[in-house]
Amino acid sequence: MPVKGPVRGAYEIDELVLMDFSQRNFVDLGNHTQSIIMKESIYQPYLTIEIIVNDTAALHEQLPMLGEEIIFMSWKDGEAVSQGDPTRYFRKMFYVISVTNLKDPKPTAQTYTIKAASPEFFMDKKLKVYGGWSGDPYSQIAKDVYNKWLSRPLSKKFPGYEKTLYVEDTKGGGNLACPGWSPIKTLQWLATKSQSNTRGTKGALYMYWESMHGIYFKSIETLMQKTNDFLESDIQLKIPQIHLVPPSVSTGEDNVEQAYEQLIPDEYSFPQLFNSAHKLEQGMIANRVVGLDYIHHKVYNYDFYYDQQGIQQGHAYAKNILNSSVSFLNPDPDTRQGKFPVVQVTAISGSGDDRTKDILSGEGFTRSNRMSQLEQIRQLQFEAVVPYSADYETGSFCYVYIPSKAGTQDSSLNGLTSGKYLVTGLDHLLIAGLYKLRVKLVKESLLQNIDEALDLDTGQEENVSPFSGTPVAGGVGVKQPKRVSAQNDALDPLDEETYKQVSFHELTPSEVGPSS
């Protein structure tokens, strides 16, 4: 098949074959394909593909499409095409889920969409996990489940079929008697219970997902935290960049044009900058997990505060979280009852476990932290369409440079929205002869601290607990800047003198309204 498009976004498809479930008959879709969209996401445990077919040869009659057909696709990206690099060669297999949108635009042609997914999608629906583990790390249980219920059955059916599984070691061990869940449901359940064994990771944000490069059972928090170490090495130079600037930008001195063409997206958008209601409703700002220990007949409260425990979690930008210390959303410490927008009740004791419960681990801890962290990575969202580059991968990071509207484009950046973004998903778009990516990004911490941006720093330091983030008088603590407190009347920006400058009043009601 000829090379598609110029070097920027070029690709070459060597194989696009549809085979029936007997694996004896096949048809070549290559010359009948209008577009191909492949999707990966940290929220998606398998790859999906949609192929829009312009059928002028009655392919679905040559090979009746009844379900369970297999798609084999092999392709090269632009660098493999131009340089002959064998490492930039992809080959994937998909099982057909459905054929939809069948239309007859011409008497001799039909169009339809073939939807398919990784073979793991169907294997997950075929098999159930029955097994027990006692005291094993969740990371080891995840390896066992993947190997026994997904990898081995697939390699037996398709000799040579293999995908790399990347697993991050988890802290401690757990007990599991799996009651017949599907393999993927089991792996996703394990992710919700896992804490990373990596030093400095203090939350619970494991995910199970598949990308073009393999399958992952890893902590997103650890990935974010590690980006702080990149500043000390040359690795940061390998992180992809997106510049929201014109193709040529003047330096303002000698009018030298800077070439940004490879870094500028074809299009971009901000699906969401923030959602304050969701911050409260999903337990991001504060939540409580009531842990019921049925064995010892005790009740434990696991209380989470975003401005205390949340600031101690691993972030792409250390302590520059998405809320100010004086945020109205923060819980009022004077409220004794009902100050948690979200309260969950769960059992925390394991069968036969007589150990004292640790407030910094276990079911109550992981649930309260994860509840907040899941919403943190759904707040500031950014999407961009860029030419394909192998530097982008789901679960990796990208620098986004956003010019300040208050300054000059060549010298000033938006201090809050610019910086490191987490890649949560990629749509691979092979459309109109070009290979592009729709990159889905989120930002869970800011380039600039909000309190500093609002000039709320007192200029002092305080000693805080490394676990809860609350001030401590002595012991082994962590020094951090002392912020303005929303509970300190002398420093509260909404003090009486401020809010009385504006008169609050109600409009005069209508004479025929409900107030009349």
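Residues numbered from 1 in each chain as written. Predicted model: local features only at pLDDT ≥ 70, side-chain atom pairs only at ≥ 80, totals over all residues. Heavy atoms only, no water.

A closer look at the overall build of the protein
How we decide: For helices the rule is a DSSP run of H or I covering at least 4 residues; for strands it is a run of E covering at least 2, with both sets numbered from the N terminus onward. Residue exposure (1.4 Å probe, protein chains only): buried if accessible area is under 20% of the type maximum, exposed if over 50%, otherwise partly exposed. Contact between two residues is taken to exist if any of their heavy atoms lie within 4.5 Å; hydrogens are not considered. Method for areas: the Shrake-Rupley scheme with a 1.4 Å probe, in which residue coverage is limited to the protein chains shown.
Looking only at helices and strands, one finds eleven helices and 25 strands in the protein. Residues counted as buried form 48% of the 516 residues belonging to the protein. Across the protein, contacts joining residues at least 24 apart in sequence account for 68% of those joining residues at least 6 apart. Put simply, the protein shows about 26,500 Å² of open surface, and 50% of that area lies on carbon and sulfur atoms.

Focus: helix 9 (residues 362–376)
For the record, the criterion: By this rule, a helix spans an expected 1.5 Å times one less than how many residues it contains.
Over its 15 residues, helix 9 extends 21 Å from the first C-alpha to the last, a length consistent with the 21 Å expected when each residue adds 1.5 Å. For helix 9, the buried fraction is high: 13 of the 15 residues fall into the buried class.

Focus on the sheet that holds strand 12 (residues 214–219)
Short version of the rule: What makes two strands pair is DSSP finding at least two bridges between them. Inter-axis angles, ranging from 0 to 180 degrees, are taken between N-to-C directions of lines fitted to C-alpha atoms, where helices are fitted over the stretch in contact.
One open sheet holds the three strands; their spatial order is 9-12-11, and the pairing between them is mixed. At either end of the open sheet lies a strand with only one pairing partner, and these are strand 9 (165–167) and strand 11 (206–211). Recorded for the sheet is a direction-independent mean angle of 10 degrees between the axes of neighbouring strands. Pairing between strand 11 and strand 12: six bridges, direction antiparallel. Among the inter-strand pairings, Glu210 is bridged to a residue of strand 12, identified as Ile215. Across the sheet, helix 5 (residues 183–193) lies against strand 11 and strand 12, angled at about 135 degrees from strand 11, the strand it touches most.

Section: the sheet that holds strand 17 (residues 286–293)
Read across the open sheet, the three strands follow the order 18-17-19; overall the sheet is mixed. Two strands in the sheet have a free side with no partner beyond their single neighbour: strand 18 (298–305) and strand 19 (342–347). Direction aside, neighbouring strands of the sheet carry axes that sit 20 degrees apart on average. Relative to strand 18, strand 17 is paired through eight bridges, and the arrangement is antiparallel. Counted as the bridge partner of Ala286 is Tyr305 from strand 18.

A few points about the pairing of strand 1 (residues 11–19)
Of all nine residues that make up strand 1, eight are buried, and the element is covered over most of its length. Pairing between strand 1 and strand 5 (residues 70–77): eight bridges, direction antiparallel. Its bridge partner being in strand 5, Glu15 is matched across the sheet by Ser74. Inspection of the sheet shows strand 1 paired to strand 2 (residues 26–28) by three bridges, in the antiparallel sense. Within the sheet, the bridge partner assigned to Val17 lies in strand 2 and is Asp28. What sits between strand 1 and strand 2 in their antiparallel hairpin is a turn of six residues, with Gln23 showing a positive phi close to 60 degrees.

Notes on the packing of aromatic side chains
For clarity, the threshold we go by: Working definition: a ring pair exists when centres of Phe, Tyr or Trp rings (six-membered ring for Trp) sit within 6.5 Å. Plane angles under 30 degrees give stacked, over 60 give edge-to-face, the rest tilted.
What the rule picks out here adds up to 19 aromatic pairs. Relative to Tyr421, the ring of Phe382 lies with its centre 5.9 Å away and its plane at 55 degrees, an arrangement referred to as tilted. With Phe382 in strand 20 (residues 380–387) and Tyr421 in strand 22 (residues 419–431), this pair connects stretches of sequence that are 39 residues apart. Side by side, Phe382 and Tyr421 carry an identical accessibility label, which is buried. Seen from their ring centres, Tyr388 and Tyr435 are 4.2 Å apart, and the 15 degrees between their planes marks the pair as stacked. Note that Tyr388 is positioned in the loop between strand 20 and strand 21 (397–401) and Tyr435 in strand 23 (residues 434–443), a separation of 47 residues in sequence. On the accessibility criterion, Tyr435 (0% relative accessible area) is buried.

Any functional reading would require information beyond the geometric quantities listed.
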